[in-house]
Amino acid sequence: MSNGLIHLYHGDGKGKTTAAMGLAVRALGCGRRVVIVQFLKDGTSGEIALLRRCGAEVHACPNAKFTWLMTEAERTEARQHNTAALRAALDTPFDLLVLDEACAACRHQLVDEALLRQAAAMAKQGREVVLTGRDPAPWMQEAADYSTELRAVRHPYTQGIPAREGIEY
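Sorry if this is basic, but what is going on with the nonpolar core here?
General note: in soluble globular proteins, nonpolar side chains tend to be found buried as a group. In this structure, Phe-39, Leu-86, Leu-99, Leu-116 and Met-140 are the most contacted members of the largest nonpolar core, which totals 34 residues. Residue contacts for Leu-116: discarding those within four places in its chain leaves Phe-39, Leu-86, Leu-99, Ala-102, Cys-106, Val-111, Trp-139 and Met-140. Listed in part, the 17 residues of the second largest apolar core include Met-21, Ala-24, Leu-51 and Leu-150.

Sorry, what's going on with the pattern of salt bridges here?
Side chains that carry opposite charge are capable of pairing whenever their charged atoms lie near each other. Counting across every chain of the model gives 4 salt bridges. With a closest N to O distance of 3.8 Å, Lys-41 and Glu-101 form a salt bridge. Placement of the pair is Lys-41 in the loop between strand 2 (34-38) and helix 2 (46-53) and Glu-101 in the loop between strand 4 (96-100) and helix 4 (102-107), with a sequence separation of 60 residues. Assessed through its relative accessible area of 18%, Glu-101 is described here as buried. A salt bridge links Glu-113 to Arg-117, with the shortest nitrogen-to-oxygen separation between them at 3.3 Å. You can see Glu-113 and its partner Arg-117 sitting in helix 5 (residues 113-121), 4 residues apart, about one turn around the helix. A network of salt bridges, in which partner residues are shared, links Lys-41, Asp-100 and Glu-101.

Whenever I open this one, the environment of Thr-67 confuses me. Can you help?
Relative to the helices and strands, Thr-67 is located in the loop between strand 3 (57-60) and helix 3 (72-90). Separated by 41 residues in sequence, Thr-67 and His-108 have C-alpha atoms that sit 7.6 Å apart. Leaving out residues up to four positions away in the same chain, Thr-67 has contacts with Leu-40, Arg-75, His-108 and Leu-110.

Definitions and limits used
Residues numbered from 1 in each chain as written. Predicted model: local features only at pLDDT ≥ 70, side-chain atom pairs only at ≥ 80, totals over all residues. Heavy atoms only, no water. Core = buried A, V, L, I, M, F, W, Y, C linked by side-chain atoms within 4.5 Å. Buried < 20%, exposed > 50% of the residue type's maximum accessible area, 1.4 Å probe, protein only. Contact = heavy atoms within 4.5 Å. Salt bridge = Lys/Arg side-chain N within 4 Å of Asp/Glu carboxyl O. Helix = DSSP H or I, 4+ residues; strand = E, 2+ residues; numbered from the N terminus.

Next up, the structure:
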């Protein structure tokens, strides 16, 4: 069995999740089994319903919230849920595993890091693994076969323009 690869989409620019979900669409279109875990997201963004209809299994965080707004109890609940979702994902056969916002979940200790490392290591078993988010842990950078940094040059948010349904969320 050939090795899979670890893809890392990171940085402060827009497009990390979009790139990961585009890869998921490509994999589904080629008959691959896709599992997605969205840490810190509630699974309601526009692409998720379509990916589910196309056969992707998606695990999302029902208590999605910006980390700096979480109480300690919410952080504990998020960690428990995220770790359980990741365990469930790893128990599901897949060819492509997307771990959306894995960088933040790891940095803020909102998922069991050992389990996250185990998930990334599944690339050595011939599976593709995608990690997204800002400020990846050093081990993520070192493990990545693809590392793409998305850098914000200009963003409408800084001009007070909110995200638009169907475009940014």
